[in-house]
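Listed below are the residues making up each chain.
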Amino acid sequence: RLLVDVIPPTDIGVTFDDIGALENVKDTLKELVMLPLQRPELFCKGQLTKPCKGILLFGPPGTGKTMLAKAVATEAGANFINISMSSITSKWFGEGEKYVKAVFSLASKIAPSVIFVDEVDSMLGRRESPGEHEAMRKMKNEFMVNWDGLRTKDKERVLVLAATNRPFDLDEAVIRRLPRRLMVNLPDTINRYKILKVILAKEELSATIDLDVIANLTDGYSGSDLKNLCVTAAHCPIREILEKEKKDKVVALAEGRPPPPLSVSTDIR
Ligand code: ATP
């Protein structure tokens, strides 16, 4: 039996406070998404206030698009369903159409819910691409039909959030269904500082560490790059301890002494 993975809002584990910088995107998402998911009845009066059923997050890799989608679901108390081409091909190979139907049907049953389509370009890219497999075409059509079904039900508290690094590869029909498009760009110096602050919020830092300097030296780094940098830096003292232990052992053996005991608890900072 093939299953659709759903994360309940209490288990998602990402809130807007975990995301550094990106204030404009966060504010827009709060306005566009949270209220319609929480109070759909407020948005049923005129045509112009109809709740938005599709939002595109686009920008370079590692800039926080997945985090934003998760934070939206957490804060709206919505279930999070993450779908991507890789999950379809690995778990539902050849059954994409069935999978899409199952996802939309489940999303409606457990609403409010957010369907997050990661790498939307690979799943719903240009329709006329040569050599496109029949199963793929059917899967895309099924997606469109279900998505349109959502858009006609104003009270349906289901939202499709899509993310891509390649917005220009998207099918026109998909773009039309994503009326709001938010750019999630690489951070500038000030925003890198803010992201570093969030990533390191719970860490004990040496007094010699100056985040302004790091922010200045990391031009072109994404949020994900900054996270990797911090993880690598945090491992440096561990490596130093291990190397020192190895050296001490060699010296002790050369001098005919028993090797010193390994450090058990060491302040690695
Ligand atoms: P991709 O396009 O490759 O799927 P993405 O834009 O979805 O990437 P995320 O998966 O959201 O990026 O981010 C990857 C990791 O980078 C996060 O788990 C987080 O650790 C870190 N990160 C990225 N942006 C931020 C940010 N603004 N604040 C804090 N951490 C961030």
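Keep in mind that this is a model prediction, so the values were computed, not measured. (Residues numbered from 1 in each chain as written. Predicted model: local features only at pLDDT ≥ 70, side-chain atom pairs only at ≥ 80, totals over all residues. Heavy atoms only, no water.)

Trainee: Would you take a moment to explain the packing of aromatic side chains for this structure?
Mentor: The geometry of an aromatic ring pair is captured by two quantities: the separation of the ring centres and the angle between the planes. Applying the stated rule across the entire model yields three aromatic pairs. When the ring of phenylalanine 143 is compared with that of tryptophan 147, the centres are 5.4 Å apart and the planes differ by 90°; the resulting orientation is edge-to-face. Pair noted here: phenylalanine 143 and tryptophan 147 are both in helix α7 (residues 134-152), with a separation of four residues, about one helical turn. Summarising the burial analysis for this pair, phenylalanine 143 and tryptophan 147 share the class buried. Ring pairing ties together the aromatic residues Phe104, Phe143 and Trp147, which thus form one cluster. (Phe/Tyr/Trp six-rings, centres within 6.5 Å; stacked < 30°, edge-to-face > 60°. Helix = DSSP H or I, 4+ residues; strand = E, 2+ residues; numbered from the N terminus. Buried < 20%, exposed > 50% of the residue type's maximum accessible area, 1.4 Å probe, protein only.)

Trainee: What exactly am I supposed to notice about the site of the ligand here?
Mentor: Around the ligand sit 16 residues, and of these Gly20, Gly62, Lys65, Thr66 and Asn165 come closest. A distance of 2.6 Å is found between an oxygen atom of the ligand and a side-chain nitrogen or oxygen belonging to threonine 66. Out of a free accessible area of 640 Å², the ligand has 79% covered by protein chains. If you map the ligand onto the pockets, it falls in the largest pocket. Looking at the shell around the ligand, the elements with two or more residues in it are α3 (65-76) and α11 (223-254). Classifying every residue of the shell around the ligand gives five nonpolar, eight polar and three charged. (Near = heavy atom within 4 Å. Polar contact = N/O pair within 3.5 Å; in protein donor to acceptor, adjacent residues only side chain to side chain. Areas by Shrake-Rupley, 256 points an atom, 1.4 Å probe, with all protein chains shown as cover. 1 Å grid on protein atoms, 1.4 Å probe; cavity = no way out; pocket = protein on both sides within 12 Å on 5 of 7 lines; lining within 4 Å. Sits in = over half its atoms within 2 Å of the grid points. Nonpolar A, V, L, I, M, F, W, Y, C, P; charged D, E, K, R; others polar.)

Trainee: Whenever I open this one, the packing of helix α9 (residues 189-199) against α11 confuses me. Can you help?
Mentor: Each pair of packed helices can be summarised by the angle the axes make with each other and by the distance between the axes. Axis separation between α9 and α11 bottoms out at 10 Å; the angle between their running directions is 50°. Classified by the angle their axes make, α9 and α11 are oblique. Relative to α11, α9 is oriented so that their crossing is right-handed. Of the residues in α11, those touching α9 at Arg192, Ile195, Leu196 and Ile199 are Gly223, Leu226, Lys227 and Cys230. Considered class by class, the residues forming the contact of α9 with α11 number five nonpolar, one polar and two charged. (Axes fitted to C-alpha atoms, helices over the stretch in contact; angles between N-to-C directions. Parallel < 35°, antiparallel > 145°, perpendicular 65-115°, else oblique. Left-handed = near helix turned anticlockwise from the far one by under 90°. Contact = heavy atoms within 4.5 Å.)

Trainee: What is the right way to read the layout of surface pockets from this model?
Mentor: Here the idea is plain: a probe the size of a water molecule rolls over the atoms and shows the empty space left. Roughly 600 Å³ of volume is contained in the largest pocket. Asp18, Gly64, Met67, Gly223 and Ser224 are, among the 28 residues lining the largest pocket, the residues nearest its centre. Elements that contribute at least two residues to the lining of the largest pocket include exactly α3, β5 (158-164), α9 and α11. For the lining of the largest pocket, the residue count by class is ten nonpolar, ten polar and eight charged. A volume near 510 Å³ is recorded for the second largest pocket. Lining the second largest pocket are 21 residues, and of these Leu205, Ile209, Cys230, Ala233 and Ala234 sit closest to its centre. With nine residues, α11 is the largest single contributor of residues to the lining of the second largest pocket. Looking at the lining of the second largest pocket residue by residue, the classes come out as 15 nonpolar, one polar and five charged. (Points joined across faces, edges and corners; volume = space filled by probe spheres on them.)

Trainee: Please explain the pattern of salt bridges as it appears in this structure.
Mentor: Where charged atoms from two side chains of opposite charge approach closely, those side chains can pair. Overall, the coordinates contain eight salt bridges when judged by the stated rule. Put simply, glutamate 95 and lysine 98 hold a salt bridge, and the shortest N to O gap is 2.8 Å. A relative accessible area of 55% means that lysine 98 is categorised as exposed. In this structure, lysine 244 and aspartate 248 form a salt bridge, with 3.0 Å as the shortest nitrogen-oxygen distance. Pair noted here: lysine 244 and aspartate 248 are both in helix α11, with a separation of four residues, about one helical turn. Judged by its relative accessible area of 52%, lysine 244 is exposed. (Salt bridge = Lys/Arg side-chain N within 4 Å of Asp/Glu carboxyl O.)

So yeah, pure geometry; function would need other evidence.
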